[in-house]
Amino acid sequence: MVAMSNKQILRVTGRPGRQTRRAERGFTFMELLIVMVIIAILAAVAIPRFITHIRRAKEVVLQQDLWAMRRAIDYYTTDKEKAPGSLQELVSAGYLREIPKDPVCPECPWTEVPATLEGNDPNSSGGIGDVKSSAEGTDSNGKAFSEY
């Protein structure tokens, strides 16, 4: 080991200089203000894009749910040779696990469109032939949700 004197230790470690004191003080108000302005600009750009993506995702889920329910109605009608009386009947018969909620308007019920009677057959009991959304408004392309 090499023995060092106090003078040598001071030269190696040095006194706390101006830079060390400034680092101990923290950030200035201007530095914090600049960082907050940058964060605000990024948020102003990101939040509208996020909302647009969420809205588009709901539209796609609505289309997929309608497609699944319409397919279940078609399968039920083909298998039983009559249209289902309600969406709940599709669940009871095992064609759907559950009736999905409308992603655009979760409180709104589905609009059940009556099935058309083929050839005015008196044995046909009607039932539902299609399902539509009852949500108000339009999608991002201007098409009404009720037209899906």
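Structural data are supplied above this passage.
Below you will find a few notes about this structure. (Residues numbered from 1 in each chain as written. Predicted model: local features only at pLDDT ≥ 70, side-chain atom pairs only at ≥ 80, totals over all residues. Heavy atoms only, no water.)

## Points about unusual backbone geometry
Apart from glycine, the bulk of residues carry a negative phi angle, and the bulk of peptide bonds sit in the trans form.
Here is step 1: Backbone geometry at Glu81 places phi at a positive 60°, although glycine is not the residue there.
Here is step 2: Mapped onto the elements, Glu81 comes out in the loop between helix H3 (29-80) and helix H4 (87-92). (Helix = DSSP H or I, 4+ residues; strand = E, 2+ residues; numbered from the N terminus.)

## Focus on the nonpolar core
Nonpolar side chains in soluble globular proteins generally cluster together in the buried interior.
Here is step 1: Counting 17 residues, the largest nonpolar core has Leu66, Met69, Leu87, Leu90, Trp110 and Val131 as the members making the most contacts within it.
Here is step 2: What Val131 contacts, discounting residues up to four positions off in sequence, is Leu66, Met69, Arg70, Ile73, Leu87, Trp110 and Thr111. (Core = buried A, V, L, I, M, F, W, Y, C linked by side-chain atoms within 4.5 Å. Buried < 20%, exposed > 50% of the residue type's maximum accessible area, 1.4 Å probe, protein only. Contact = heavy atoms within 4.5 Å.)

## Remarks on the packing of aromatic side chains
Here is step 1: Counted by the stated rule, this structure contains 2 aromatic pairs.
Here is step 2: Pairing Tyr76 with Tyr95 gives two aromatic rings, centres 5.4 Å apart and planes at 75°, and the pair type is edge-to-face. On the criterion of sequence distance, the pair formed by Tyr76 in helix H3 and Tyr95 in the loop between H4 and strand S1 (111-114) is long-range, its members being 19 residues apart.
Here is step 3: Ring geometry for Phe145 versus Tyr148: centroids 5.9 Å apart, planes at 70°, classification edge-to-face. (Phe/Tyr/Trp six-rings, centres within 6.5 Å; stacked < 30°, edge-to-face > 60°.)

## Some thoughts on the environment of Gly85
Here is step 1: Following the sequence through the fold, Gly85 ends up in the loop between H3 and H4.
Here is step 2: By relative accessible area, which is 45% here, Gly85 ends up partly exposed.
Here is step 3: Apart from the residues lying within four places of it in its own chain, the contact partners of Gly85 are Glu112, Gly127 and Ile128.

## Observations concerning H3
Here is step 1: Taking 1.5 Å per residue as the helical rise, H3 with its 52 residues ought to reach 76 Å, and the 74 Å between its terminal C-alpha atoms agrees with that figure.
Here is step 2: If you follow the buried residues of H3, they end up packed against H4 and strand S2 (128-132).
Here is step 3: Glu81 lies just past H3 and shows a positive phi near 60°. (Expected span 1.5 Å × (residues − 1).)

## Re a nonpolar patch on the surface
Here is step 1: Side chains of Phe29, Met30, Leu33, Ile34, Val37, Ile38, Ile41, Leu42 and Val45 sit close together on the surface and give an oily, nonpolar patch of about 900 Å² of accessible area.
Here is step 2: Looking at the element boundaries, Val45 is found in helix H3.
Here is step 3: On the basis of relative accessible area, Val45 is assigned to the exposed category, the value being 52%. (Patch = residues over 30% accessible without salt bridge, like charges linked within 9 Å, V, L, I, M, F, W, Y side chains within 5 Å. Areas by Shrake-Rupley, 256 points an atom, 1.4 Å probe, with all protein chains shown as cover. Salt bridge = Lys/Arg side-chain N within 4 Å of Asp/Glu carboxyl O.)

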